[in-house]
Amino acid sequence: MPVVKLYANLRKLAGTKELSIMGATVGMVVNELVRQSPPLGAVVIENGELRRHIIVTLNGRNITDLETPVTEQDIVAIFPPIAGG
Amino acid sequence: MAGWSEKVLDIDLNTQTYKTYPLDMEMARLFIGGRGIGARLLWDLVGPDVDPLSPENVLIFANGPLTATGYQTSNRFSVTTKSPLTGTVLDANSGGFWGMQFKKAGYDVMIVRGKSPHPVWIEIRNGEILFQDASELWGLRVYALTEKLGQNNHKRNVLCVGPAGENLSRIASIMNDRERALARGGPGAVMGSKNLKAIVVEGQYRPAIADPDRFKFLLYETRKLLAASPLTSQALPEFGTVVLMNIMNNIGALATRNHQQTQFEGAEAISGEELTEKYLVKNASCWACPIGCTRVSKTDRVEGEGPEFETTWAFGAQCGVDDLAAIIEVNSLCNDLGLDTISAGSTIACAMELSEKGYLDSDLRFGRADLLARCVEEMAYRRDLGADLTEGSLRLATKYGRPELSMSAKGLEFPAYDPRGMQGQGLLYATSNRGGCHMRGNMVGLEVLGLPKLIDRFQVQGKSSYVILHQNASAAIDSLVVCKFVNMGVADEYFARVLSAVTGIQYATGDMIRVGERVYNLERLYNNREGFTTKDDTLPPRLLTEAPLDGPSQGWVSNLAPMLREYYRTRGWDENGVPTKRKLADLGLTDLV
């Protein structure tokens, strides 16, 4: 199963840094993640889309299309709104 | 006129005398304050024949029309000088409280010229300028000196140099309010070269505001905008700037071991999440700042502000160190000694690579957290290898025959973002007027975080327009002077409304970016006059030719050449990187050349 890595306050909401989630696309993985960890729902998803400023990467490449396919070996990383410099 | 105090304090340390005179208000209208006014004055005062560490160099401290008005983050100020590290125009700006206090003392600008025959500190109090003997203070570290001179955040504020500035380290910072830094490019060495140990300010005036009702509404609106933004209301207060560590590592753009890799296996151990969980004591804020991004952290040995992301990276990933407690402690040591943490960490990393490859005979090796504090102490006092390290990485690497191992542009060490994974960032570094820097615009928002929108970080064509926009916006914000983090909740154009309410001059949408463009072009003219050419708009060979062997940026190098050509065209500069007469006329700069 693809591995999902969570960062910043998403870890506290999910109670973990990392978990394996079934799904054939990034969107399916994210939806299944939210189903398993409901507190993430209000932070990550809004009207079926990623909330503004939520960052999702697939193997380190930014993803904007939730239909992007994922494989068993892939790593999906999800970051809440972050800033700095 | 409201906003500005319309007053310049001009100090001659040769004679320990001063004069005051009116600020040129046409200059103020065109360049606003801070970095802009600093660049304009430096153009007239310091020519190409001046050695940065000679008495003929000047320090120009400047606030802006918004400073001390109470507008969100209106605490900042800048210092402008010719850099002893790079030889370029240099401005560095800082937050805290000193800038607010300096404005309340009734001045927009303070020029410091010459060199005192003996150590001196300056006290500005009750309208008086006092030259005090600093012979017994010379040698004191920053924390002890700041306390001794009576630091009180809201009444009396101390700006000073530590031993690094006294010993003319080219990477010495000027410190204010104990742990705030005018850090980059070595302004502390300029202050030390003048035998000037500290400037202490007590202010008593309130800046006049042209339209108080309008200003009050804009304050209210800005508060709402910052509260509504998840960036300024949650991300920065909750995790601070170090939260960038994991994402930069995730995307393969976290420079590691002197840019030999773009991912660090120890990133999680030095992340914002780790800092918050194990070392955070509380948040802190600069004056009039509702964001509160400052971390107060504690180890068994130290407690204090920081570390910020760039510091944590410089002593962490860049040195191959995953010991966060050691990084917190060396950050505190740098502040106490008055050293720029980015340049200090990156110069040590350069020495580590030189040593590992046999070009330098030392025990420095990547991962040696136990040697960081020793190196920093040696830098501040020019002891042993520190005498070489304190000259910065380019001089160090050149001395040992491998200048290409300095990870810098124009001699200023880069921050954390590796340009091989962020094409726009490479162009930004190469064209930054003060050298490799992320505060002259930063593409991390657009290329990584999606702020305000996400663009392809590997895209080359069309990147120059984004870089130029960010560079101009940064120059405008640095001239107001406010914190760039406010810009995450408030658009660039909004600042024109605030400036209009404060000064009574009607600045239109787009005027702020135009001010920034004017400042950027003036700085470029200054560097051109110093002899910098298009050959200096470049990156180290490693970043142009050595692609990462693995990770998300695998196979990529910085594709600088086409971006640079496009950049010059878009800027309205000729093929040699010189602003054209037409561009200068457009910006009202014709009289300078």
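*Asks:* What's the story with the overall build of chain B in this structure? I'm lost.
*Replies:* When you go through chain B residue by residue, the secondary structure sums to 24 helices and 17 strands. Here the C-alpha radius of gyration of chain B, 22 Å, is about what a compact globule of 593 residues would show, namely 25 Å. If one aligns the C-alpha atoms of chain B with their principal axes, the spans along those axes are about 60 × 55 × 50 Å. Sequence separation of at least 24 residues holds for 70% of the intrachain contacts in chain B that already meet a minimum separation of 6.

*Asks:* Would you explain the sheet that holds strand E3 (residues 59-62) of chain B in this entry?
*Replies:* The strands making up a sheet associate through backbone hydrogen bonding, with each pair oriented either parallel or antiparallel. Residues and elements named next belong to chain B. Ordered in space as E2-E1-E6-E3-E4-E5, the six strands form an open sheet in which the pairing is mixed. With one partner strand each, in any of the chains shown, strand E2 (17-22) and strand E5 (89-94) form the two edges of the open sheet. Neighbouring strand axes in the sheet, compared pairwise and without regard to direction, differ in orientation by 15 degrees on average. In this sheet, E5 lies alongside strand E4 (residues 77-82) in antiparallel orientation, the contact comprising six bridges. Following the sheet pairing, Ser78 is matched in E5 by Asn93. The sheet contacts of helix H2 (residues 34-45) involve E3, E4, E5 and strand E6 (109-113), and relative to E4 the element is tilted by about 25 degrees.

*Asks:* Looking at this model, I keep getting lost on the domain arrangement of chain B. Mind explaining?
*Replies:* Put simply, an interface is often sized by how much accessible area is lost when its parts join up. All names here are of chain B. The assigned domain composition of chain B is domain 1 (7-201), domain 2 (240-409) and domain 3 (423-538 + 559-592). Between domain 1 and domain 2, the C-alpha centre-to-centre distance is 26 Å. When contributions to the side of domain 1 that touches domain 2 are tallied by element, the ones reaching two or more residues are helix H4 (142-148) and helix H5 (163-166). For the side of domain 1 that touches domain 2, the element with the most residues is H5, which contributes three residues. Considered class by class, the residues forming the side of domain 1 that touches domain 2 number 13 nonpolar, 13 polar and four charged.

*Asks:* Honestly, the pairing of strand E14 (residues 294-298) of chain B in this entry has me stumped. Any pointers?
*Replies:* Sheet faces and side chains relate simply in a regular strand, where the side chains alternate between the two faces. Residue and element names in this part refer to chain B. With four bridges connecting them, strand E13 (residues 280-284) and E14 associate as antiparallel partners. Residue pairing in the sheet places Ala284 in a bridge with Thr294 of E14. In sequence, E14 turns back onto strand E15 (residues 303-305) through a hairpin of four residues.

*Asks:* When you look at the interface of chain B and chain A in this model, what are you seeing that I'm missing?
*Replies:* Counting residues at the interface gives 27 residues for chain B and 20 residues for chain A. Mapped by element, the contributors of at least two residues to the side of chain B that touches chain A are helix H8 (230-239), helix H9 (244-250) and helix H18 (444-449) of chain B. Here the side of chain B that touches chain A gets seven residues from one element, more than from any other, and that element is H8 of chain B. For the side of chain B that touches chain A, the residue count by class is 16 nonpolar, nine polar and two charged.

*Asks:* Explanation requested: unusual backbone geometry in the structure shown.
*Replies:* Across residues other than glycine, the phi torsion is negative in most instances, and most of the peptide bonds are trans. Cis geometry is adopted by the peptide bond preceding Pro452 of chain B, which originates at Leu451 of chain B and carries an omega value of -5 degrees. Here Pro452 of chain B is to be found in the loop between H18 and helix H19 (463-480). The omega torsion of the bond from Leu480 of chain B to Val481 of chain B falls at 0 degrees, within 30 degrees of zero and hence cis. A positive phi angle, near 55 degrees, is found at Asn47 of chain A, a position not held by glycine. Position of Asn47 of chain A among the secondary structure elements: in the loop between strand E3 (45-46) and strand E4 (49-50). Judged by C-beta crowding, with 5 C-beta atoms within 10 Å, Asn47 of chain A ranks as exposed. Here the phi dihedral of Arg257 of chain B falls at roughly 50 degrees; this positive angle occurs in a residue that is not glycine. Residue position: Arg257 of chain B is located in the loop between H9 and helix H10 (272-278).

*Asks:* In this structure, what is going on with the environment of Gln73 of chain A? I would like to understand it.
*Replies:* Residue and element names in this part refer to chain A. Considering the arrangement of structural elements, one finds Gln73 in the loop between strand E6 (61-62) and strand E7 (75-79). Gln73 gets classed as exposed once you count the C-beta atoms within 10 Å, which come to 9. For the pair Gln73 and Pro2, spaced 71 residues apart in the sequence, the C-alpha separation amounts to 5.7 Å.

*Asks:* Whenever I open this one, the sheet that holds strand E7 (residues 120-125) of chain B confuses me. Can you help?
*Replies:* Residue and element names in this part refer to chain B. Read from one edge of the open sheet, six strands run E8-E7-E12-E9-E10-E11, paired in mixed fashion. Taken across any chain shown, the strands that pair with only one partner, and hence form the sheet edges, are strand E8 (128-133) and strand E11 (180-182). Neighbour-to-neighbour, the strand axes of this sheet turn through a mean angle of 20 degrees, independent of strand direction. The pairing of strand E10 (residues 174-176) with E11 spans three bridges and is antiparallel. Bridging from a neighbouring strand, Ile174 pairs with Leu182 of E11.

Definitions and cut-offs
- Residues numbered from 1 in each chain as written.
- Chains lettered and ligands numbered in written order.
- Predicted model: local features only at pLDDT ≥ 70, side-chain atom pairs only at ≥ 80, totals over all residues.
- Helix = DSSP H or I, 4+ residues; strand = E, 2+ residues; numbered from the N terminus.
- Rg over C-alpha atoms; globule rule 2.2 N^0.38 Å.
- Contact = placed C-beta atoms within 7 Å.
- Pairing = 2+ DSSP bridges.
- Axes fitted to C-alpha atoms, helices over the stretch in contact; angles between N-to-C directions.
- Domains from an automatic or database assignment.
- Nonpolar A, V, L, I, M, F, W, Y, C, P; charged D, E, K, R; others polar.
- Buried ≥ 20, exposed ≤ 12 C-beta atoms within 10 Å, placed from the backbone.

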